[in-house]
Amino acid sequence: MRIATALTQVRQRIAAAAAESQRDPSEIRLVAVSKTQPAGAIREAYEAGQRDFGENYVQELLPKAQELGDLTELRWHLIGNLQRNKARHVVMLVSLVHTVDTIELARELARRFEGGRQTADQRLELLVEVSIAGEAQKHGASPAALGALLDAIDSLPSLSLRGLMCVPPLSEDAAAARPHFDALRQLRDQHGGVQRLPELSMGMTQDLEHAVAAGSTLVRVGTAIFGGRSP
Ligand SMILES: *Cc1c(COP(=O)(O)O)cnc(C)c1O
């Protein structure tokens, strides 16, 4: 399928899910997840009107961003785990970091961003990733640690805290993700609500409808747009 056609279908899925839960579809942003996809596929999606793209790995993002530097409206989202020693590579490149999960990483991002920004009022936007199902091997802050992490980010004036993100456990059954999406929204409500945390990054190819029903504002979709990935 052509990427433009696939994008239209994903947008229709989002619109239908929004209508189903009486939400305004313009509240939901589609992040096209382009990991492992060549720069040409990203360009094709951009030409079809897509502007937000998600990458998981810094070493993959950097050459693509260079190659696609002429696409001036393109916004990169970092959606994979970020190691502190890679922070300096992304702070001036990425429009939203979805995966902050420790105070140390937040401090490093702030420090690097302050060193690179053009004016003192620029702020780096970020989300806190929550380990919503408590899987030990998964990245993300534990729900118990969330309050302290959010307060620490708020105390760093060069960072702009925008919301929460989660990746529920893999399952064959899309509906199995719903309780995790609801749990993320409840955490948001416990920690300041939409005033403090307007964005919820949740939902992928398989389960985006459930995420939209639960309040997602950023769905991260790869396979349904670009097709399968070779491992
Ligand atoms: C790969 C990935 C996605 C996209 O998954 P698809 O099932 O291909 O839509 C979304 N979020 C994260 C964090 C990912 O790593």
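The structure we're discussing is the one just above.
Remember, it's a predicted structure, so these values are computed and weren't measured experimentally.

(A) Summary view of the overall build of the protein. Tallying secondary structure elements over the protein gives ten helices and eight strands in all. Computed over its C-alpha atoms, the radius of gyration of the protein comes to 17 Å, within 12% of the 17 Å expected for a compact globule of 231 residues. Taking the principal axes of the C-alpha coordinates as reference, the protein spans close to 45 × 40 × 35 Å. By residue count, 48% of the 231 residues in the protein fall in the buried class. Within the protein, counting contacts between residues at least 6 apart in sequence, those at least 24 apart form 61% of the total. Only carbon and sulfur atoms are counted for the fraction: they give 48% of the accessible area of the protein, which is about 10800 Å². With 26 positive and 28 negative side-chain charges, the protein shows a spacing of 3 Å between the two charge centroids.

(B) Structural context of the pattern of salt bridges. For the structure on display, the rule yields 18 salt bridges. Across the pair Asp52 and Arg29 runs a salt bridge, and its minimum N-O distance is 3.0 Å. Here Asp52 is found in strand E2 (residues 52-55), whereas its partner Arg29 is found in strand E1 (residues 29-33), with 23 residues between them in sequence. The class for Asp52 is buried, based on a relative accessible area of 3%. Within the structure, one salt-bridge network assembled from shared partners comprises Arg29, Asp52 and Arg75.

(C) Structural context of the site of the ligand. In the vicinity of the ligand, the contacting residues are Val33, Lys35, Asn56, Ile79, Val167, Met204, Thr205, Arg220, Val221, Gly222, Thr223 and Arg229. In the model, an oxygen atom of the ligand is placed 2.8 Å from a nitrogen or oxygen of the Gly222 main chain. Burial of the ligand by the protein chains amounts to 87% of its free accessible area of 390 Å². Using a 2 Å cut-off from the grid points, one finds that the ligand occupies the largest pocket. Within the shell around the ligand, the residues separate by chemical class into five nonpolar, four polar and three charged.

(D) Representation of the packing of aromatic side chains within the structure. Considering all chains together, one arrives at one aromatic pair under this definition. When the ring of Phe53 is compared with that of Trp76, the centres are 6.3 Å apart and the planes differ by 55°; the resulting orientation is tilted. You can see Phe53 sitting in strand E2 and its partner Trp76 sitting in strand E3 (residues 75-78), a full 23 residues away along the chain. Of the two residues examined, Phe53 and Trp76, each falls in the buried class. Note that Arg51 overlies the ring of Tyr46, its terminal NZ or CZ placed 3.8 Å from the centroid.

(E) Layout of empty space enclosed by the protein. For the structure shown, the criterion picks out one cavity of 30 Å³ or more. Along its surface, the largest cavity is lined by Glu129, Val130, Ser131, Ile132, Ala133, Glu135, Lys138, His139, Val167 and Pro168. When the residues that make up the lining of the largest cavity are grouped by side-chain class, the tally is five nonpolar, two polar and three charged.

(F) A look at the side chain of His98. With respect to the helices, strands and loops of the structure, His98 is situated in strand E4 (residues 96-100). Separated by 2.9 Å, the side chains of His98 and Ser201 make a polar contact. When sequence neighbours within four positions are dropped, the list of residues in contact with His98 reads His77, Leu78, Ile79, Leu127, Val128, Glu129, Met165, Ser201, Leu218 and Arg220.

(G) Quick look at helix H1 (residues 3-20). For H1, which comprises 18 residues, the first-to-last C-alpha distance of 26 Å matches the rise-based estimate of 26 Å (1.5 Å per residue) to within 8%. Of the residues making up H1, those classed as buried are Ile3, Ala6, Leu7, Val10, Ile14, Ala17 and Ala18. Relative to the axis of H1, the buried residues are bounded by an arc of 115° and lie together on one face. Of the residues in H1, the exposed ones pointing more than 90 degrees away from the buried face are Ala19 and Glu20. Close packing links the buried residues of H1 with E1, helix H2 (39-47), helix H9 (208-214), strand E8 (218-221) and helix H10 (223-226).

About the cut-offs
- Residues numbered from 1 in each chain as written.
- Predicted model: local features only at pLDDT ≥ 70, side-chain atom pairs only at ≥ 80, totals over all residues.
- Heavy atoms only, no water.
- Helix = DSSP H or I, 4+ residues; strand = E, 2+ residues; numbered from the N terminus.
- Rg over C-alpha atoms; globule rule 2.2 N^0.38 Å.
- Buried < 20%, exposed > 50% of the residue type's maximum accessible area, 1.4 Å probe, protein only.
- Contact = heavy atoms within 4.5 Å.
- Areas by Shrake-Rupley, 256 points an atom, 1.4 Å probe, with all protein chains shown as cover.
- Lys, Arg positive; Asp, Glu negative; His and termini not counted.
- Charge placed at Lys NZ, Arg CZ, Asp CG, Glu CD.
- Salt bridge = Lys/Arg side-chain N within 4 Å of Asp/Glu carboxyl O.
- Near = heavy atom within 4 Å.
- Polar contact = N/O pair within 3.5 Å; in protein donor to acceptor, adjacent residues only side chain to side chain.
- 1 Å grid on protein atoms, 1.4 Å probe; cavity = no way out; pocket = protein on both sides within 12 Å on 5 of 7 lines; lining within 4 Å.
- Sits in = over half its atoms within 2 Å of the grid points.
- Nonpolar A, V, L, I, M, F, W, Y, C, P; charged D, E, K, R; others polar.
- Phe/Tyr/Trp six-rings, centres within 6.5 Å; stacked < 30°, edge-to-face > 60°.
- Lys NZ or Arg CZ within 6 Å of the ring centre and 35° of its normal.
- Points joined across faces, edges and corners; volume = space filled by probe spheres on them.
- Expected span 1.5 Å × (residues − 1).
- Arc of directions from axis to C-beta.

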